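Each chain, written out:
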Amino acid sequence: MASPANSISTQMTLRLWALLALLGLIWGGSFFFARVAVAHVPPFTLVFMRLSLAALALHFYLLGRHGIYQALAERWREFLLMGLINNAIPHAFIFLGQTHIGAGLAAILNATTPIWTVVIANVATEDEKLSVAKFSGCLLGLAGTIVLIGPSAAAGLFGTAGDVPLWALVLPVLAAGSYGLSGSYGKRFRDLAPPVTAAGQLTASTLVMLPVAVLVDTPWAMPMPPLTTVLAILGLALVSTAYAYILFFRIMAEAGATNTSLVTLLVPPSAILLGYLFLGETLQATDLAGMLLIAAGLVVLDGRILRLGIFPGR
């Protein structure tokens, strides 16, 4: 008997793949916007601005429709937890990491999200257990992460100075783990309209980040950022957050958490291209090797182009 996860995977129509590709492009842009903005805005304040502007935009879009206020009143605890693990924590970790690493590398490290999703689903659910294919995909993804983080880890171990601190590489991976947790938890919102779920989690995470930004960053002492930073913040909030989360929850409702998490395979190429074209970023050979290993792991996890009977039990 097919598991629910496998039943959902057969529903990946051309339309859903197109939406997934669009979401990958938009979220690739988020790493670009963040890299521009974090040069002038402290990370926690940037997270707060991203979440609050996106929440306001969605509330204006909804104008009380789809039972948004009733959902907020009845399910605020669920929105609070979802906002923490899907917004506040991962965004803060990624932005802190991007104070030292480029958009492309941050996106590659964050591409381990589907691997975390599979591992967490194996522990937290009864119907998405590890198979040989999933285990093989996780090992490939883990190898890619080790290749990416390895040089800085070795530099720290032997006391040599590296160009990038180890913590800046680890934080996006921890963010991916938080996203993986939110993938399993987010299934409970399938009964809500995607804009309601997006507005609910963003409203909750805005309230979480407000005191953090005020206490840590003292944003009132921050000088007025340049116009390019303001535009980057608007792009980050309105396009890469408000609109992106409507797409995210719409795809998740139709295709499931594991399929939706595959969007992270599409994010690094767009982030790398934008970083190369506009920020002068380059990647090392180890970065490209790590990305290829992670991509191979995601292909194995997905299984759609490996239906040759090599990995039974999928």
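What this report covers is the structure whose coordinates are included nearby. (Residues numbered from 1 in each chain as written. Predicted model: local features only at pLDDT ≥ 70, side-chain atom pairs only at ≥ 80, totals over all residues. Heavy atoms only, no water.)

### Points about the nonpolar core
The condition that has to hold: Throughout, nonpolar core names a set of buried Ala, Val, Leu, Ile, Met, Phe, Trp, Tyr and Cys residues whose side chains join them through atoms within 4.5 Å. Think of it in three bands: with a 1.4 Å probe and only protein chains considered, a residue is buried below 20% of the maximum accessible area for its type, exposed above 50%, and partly exposed in between. Secondary structure is summarised from DSSP: a helix means a run of H or I of at least four residues, a strand means a run of E of at least two, and numbering begins at the N terminus for each. Here a residue-residue contact requires only that any non-hydrogen atoms of the pair lie within 4.5 Å.
Judged by nonpolar contacts, the single largest core of 69 residues is most densely connected at L23, W27, F31, L46, I101 and Y245. For this core, the element with the most residues is helix 11 (residues 227-255), which contributes 13 residues. Leaving out residues up to four positions away in the same chain, L23 has contacts with A244, L247, F248, I251 and V263.

### What to know about the pattern of salt bridges
Two side chains with opposite charge may pair up if their charged atoms get near one another. Using the following cut-off: Should a side-chain nitrogen of Lys or Arg be within 4 Å of a carboxyl oxygen of Asp or Glu, the pair is scored as a salt bridge.
The final tally for this structure, using the stated rule, is three salt bridges. With a shortest N-O distance of 3.0 Å, E254 and R15 are connected by a salt bridge. Within this pair, whereas E254 is found in helix 11, its partner R15 is found in helix 2 (residues 14-37), the two being separated by 239 residues in sequence. R75 is the salt-bridge partner of D191, the closest N and O atoms lying 2.9 Å from each other. Taken together, the residues D191 in the loop between helix 9 (166-185) and helix 10 (194-217) and R75 in the loop between helix 4 (68-74) and helix 5 (76-97) connect sequence positions 116 residues apart. Three or more residues joined by partner-sharing salt bridges are found here, namely R75, E78 and D191.

### Details of the packing of aromatic side chains
The test is simple: Within 6.5 Å between ring centres, the rings of Phe, Tyr and Trp (the latter by its six-membered ring) count as paired, and their orientation is classed by plane angle as stacked under 30 degrees, edge-to-face over 60, tilted in between. Any Lys NZ or Arg CZ found within 6 Å of a ring centre and within 35 degrees of that ring's normal is scored as a charge over the ring.
Overall, the coordinates contain nine aromatic pairs when judged by the stated rule. Arranged with centres 5.5 Å apart and planes meeting at 50 degrees, the rings of W27 and F248 form a pair that is tilted. Highlighted residues: W27 in helix 2 and F248 in helix 11, separated in sequence by 221 residues. The residues W27 and F248 share a single accessibility class, namely buried. Ring centres 5.9 Å apart and planes at 85 degrees place the aromatic pair Y245 and F248 in the edge-to-face group. With a gap of three residues between them, Y245 and F248 both fall in helix 11, about one helical turn apart. Grouped by ring-pair contacts, the aromatic residues W27, Y245, F248 and F249 constitute a single cluster. Sitting over the face of the ring of Y61, R65 holds its NZ or CZ atom 5.4 Å from the ring centroid.

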